[in-house]
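Results of the structural survey
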Amino acid sequence: MPSSVFNVLQCEWSPYDDSLLAVSTAQNFGIIGTGKQHVFTVKGGVITPTASFDTKDGVYDCSWR
């Protein structure tokens, strides 16, 4: 099993642009390890990574402000 497996803990559609999806992830089911915040663009059934941000701790929630 790869050591860089991240589990999805939360996802949220953007209220400003219905093609953007934010996804919060953490290693080891959020018990220990790092995390990432991802932003994906979803258009025509195609999911494209738009941005990602590494964190020292797991990311447990996300929201659009």
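Quick look at the structure, then. All residue numbers refer to position in the chain's written sequence, counted from 1. The predicted nature of this model means local features are confined to residues of pLDDT at least 70 and side-chain atom pairs, given and counted, to a pLDDT of 80 or more, with totals for whole chains, interfaces and linings taken over all residues. Here the side-chain values reflect all heavy atoms present in the structure, with hydrogen atoms and water set aside.

1. Focus on the overall build of the protein
What counts, and what does not: For the purposes of this entry, the term helix denotes a DSSP run of H or I that reaches at least four residues, the term strand denotes a run of E that reaches at least two, and both are numbered from the N terminus. Residues count as neighbours in contact if any of their non-hydrogen atoms are within 4.5 Å of one another. Per-residue accessibility takes into account occlusion by the displayed protein chains alone, with areas from the Shrake-Rupley method and a 1.4 Å probe. We score Asp and Glu as negative and Lys and Arg as positive, and we do not count His or the chain ends. Charged side chains are reduced to one point each, which is NZ for Lys, CZ for Arg, CG for Asp and CD for Glu.
Counting secondary structure elements, the protein contains 0 helices and 4 strands. Along the protein, helices and strands appear, N-terminal first, in the series β-β-β-β. Judged by the C-alpha coordinates and their principal axes, the protein covers about 35 × 25 × 15 Å. Sequence-distant contacts in the protein: of pairs separated by 6 or more residues, those separated by 24 or more amount to 31%. Summed over its atoms, the accessible surface of the protein is roughly 4700 Å², and 57% of this surface lies on carbon and sulfur atoms. Between the averaged position of the 4 positive side-chain charges in the protein and that of its 6 negative side-chain charges there is a distance of 7 Å.

2. Some words on the pattern of salt bridges
What counts here: By salt bridge we mean one thing: a side-chain nitrogen of Lys or Arg within 4 Å of a carboxyl oxygen of Asp or Glu.
Counted under the stated rule, the structure contains 1 salt bridge. As a salt-bridge pair, K36 and D54 come within 4.0 Å of each other at their nearest N and O atoms. In this pair, K36 is assigned in strand β3 (residues 35–43) and D54 in strand β4 (residues 46–55), connecting sequence segments 18 residues apart.

3. Describing the sheet that holds β3
Keep this limit in mind: Note on pairing: two strands pair once DSSP finds at least 2 bridges between them. Angles run from 0 to 180 degrees between N-to-C directions of axes, and those axes are lines fitted to C-alpha atoms, restricted for helices to the stretch in contact.
Across the sheet, 4 strands lie side by side as β1-β2-β3-β4; this open sheet has antiparallel pairing. Of all the strands in the sheet, the pair left with one neighbour each is β1 (6–13) and β4. Recorded for the sheet is a direction-independent mean angle of 25 degrees between the axes of neighbouring strands. Two elements, β1 and strand β2 (residues 20–27), share 7 bridges in a ladder whose sense is antiparallel. Opposite W13, over in β2, you have L21 as the bridge partner.

4. Focus on unusual backbone geometry
Put simply, the rule reads: With a 1.4 Å probe rolled over the protein chains alone, any residue whose accessible area is under 20% of its type maximum counts as buried; one over 50% counts as exposed, and the rest are partly exposed.
You will see that N28, though not glycine, has its phi angle at about 55 degrees, which is positive. Looking at the element boundaries, N28 is found in the loop between β2 and β3. Take N28: its relative accessible area is 43%, and that puts it in the partly exposed class. Positive phi outside glycine occurs at F29, with the angle close to 60 degrees. Take F29: it is sitting in the loop between β2 and β3.

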